[in-house]
Amino acid sequence: MGLRENAAAAAGRTVTTDETDPGEYTGTMAEPLPDLSDYVPKDGEDWDMVPVHIAWLRVRRDISWIGKGDAYVENGKKKYDFRGYERVVAAFGPITLKHGVSVIPHRVVPSHRDAKSGKGTPMREATTLITWRIYGPKGDFFEMESEGEALDYADKGTAKAQTIAQRVALLVGGLIPTGAPDSDESNIERGETPVRPAASYLDEICNPHTSAGRLRQIHFELRTTRQLGALVTNEVGDEEPIGDMVVRIGKERAAGGAQ
């Protein structure tokens with residue numbers, strides 16, 4: 001496996017979330033990291049003493065691209081693919097060593113606030129603005145900034161925010177493409193979302209197994225589409241506004257369940 005392939009060989013990560021540790025990484029690296037000694041000058045050798053902007057261009061050239069090989073999974077279902085922190089660092093680590101480049105946090109400006117999850121669980125939000133210094137083999141440097149944001153139930157929010165900021169800095173500062181097809185290659189025309197007719201809810205409303213929560217949701221959907229006043233034929237053959245019918249049946253079932 002060549003230098004470029006070694007540098008981009010971090011793979012096989014899966015991200016899952018739960019109520020105890022959102023964003024927890026699970027799984028293992030598909031391949032071991034390359035031997036970093038292969039990228040450090042041997043005794044009597046030195047890095048090519050070029051200005052930092054040239055060294056950084058060489059880093060970008062050797063990395064070439066980093067694919068979206070990580071997946072965000074929630075409730076057993078994949079939501080989207082992305083390039084995770086481990087994958088990005090595994091690609092940049094040996095290549096920056098090869099060219100004598102260091103990526104150092106120079107200034108860290110954190111902020112925190114209390115927050116809650118969708119279920120009302122107390123959480124802590126951490127936002128971190130980091131100024132990075134990119135040093136070349138001659139000791140000269142340039143700076144760039146990036147920001148990371150993370151939520152956590154325990155004490156890892158700040159660390160997560162910093163790793164996100166580092167990943168953003170490397171990808172944006174390195175202009176690293178994903179290797180995926182250009183999204184502009186396909187063009188999907190957006191159409192109007194069709195409105196569900198009021199009458200199509202009748203079977204569900206009259207079904208004795210339809211929950212009270214679903215009846216409330218149906219009422220909300222009808223109100224959103226301005227169909228609460230639509231006349232329908234109810235369960236006894238009379239015409240009735242569907243909004244009134246949903247409320248009436250909901251009250252009847254609630255009264256029946258209380259007896």
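Remember, predicted model here, so these are calculated numbers, not experimental data.

Colleague: So, the overall build of the protein: which residues are in play, and what are the values?
Modeller: Counting its regular elements, the protein contains seven helices and nine strands. Out of the 259 residues belonging to the protein, those deemed buried represent 32%. By sequence separation, contacts in the protein at least 24 residues apart represent 58% of the contacts at least 6 residues apart. Counting every atom, the protein has about 15900 Å² of accessible surface; 52% of that belongs to carbon and sulfur.

Colleague: Got a sec to walk through helix α4 (residues 157-174)? Specific residues and values, please.
Modeller: Owing to its 3.6 residues per turn, the α-helix brings residues three or four apart onto one side. Taking 1.5 Å per residue as the helical rise, α4 with its 18 residues ought to reach 26 Å, and the 25 Å between its terminal C-alpha atoms agrees with that figure. Buried residues of α4: Gly157, Lys160, Ala161, Ala165, Gln166, Ala169, Leu170, Leu171 and Gly174, and no others. Structurally, α4 contributes buried residues whose contacts are with α2 (52-63), α3 (85-98), β5 (102-116), β6 (122-135) and β7 (141-152). Positive phi appears at Leu175, one or two residues downstream of α4, with a value of about 50°.

Colleague: Kindly report on the pattern of salt bridges, identifying the contributing residues and their values.
Modeller: Inspection of every chain in the model, using the stated rule, returns 15 salt bridges. Salt-bridge contacts for Arg133 lead to Glu143; the nearest nitrogen and oxygen are separated by 2.8 Å. Of this pair, Arg133 sits in strand β6 while Glu143 sits in strand β7, and the two are ten residues apart along the sequence. For Glu143, a relative accessible area of 41% gives the class partly exposed. Note that Arg214 is salt-bridged to Glu221, the shortest N-O span being 3.1 Å. Several salt bridges share partner residues, and in doing so they unite Arg196, Glu204, Arg214 and Glu221 into one network.

Rules of the game
- Residues numbered from 1 in each chain as written.
- Predicted model: local features only at pLDDT ≥ 70, side-chain atom pairs only at ≥ 80, totals over all residues.
- Heavy atoms only, no water.
- Helix = DSSP H or I, 4+ residues; strand = E, 2+ residues; numbered from the N terminus.
- Buried < 20%, exposed > 50% of the residue type's maximum accessible area, 1.4 Å probe, protein only.
- Contact = heavy atoms within 4.5 Å.
- Areas by Shrake-Rupley, 256 points an atom, 1.4 Å probe, with all protein chains shown as cover.
- Expected span 1.5 Å × (residues − 1).
- Salt bridge = Lys/Arg side-chain N within 4 Å of Asp/Glu carboxyl O.

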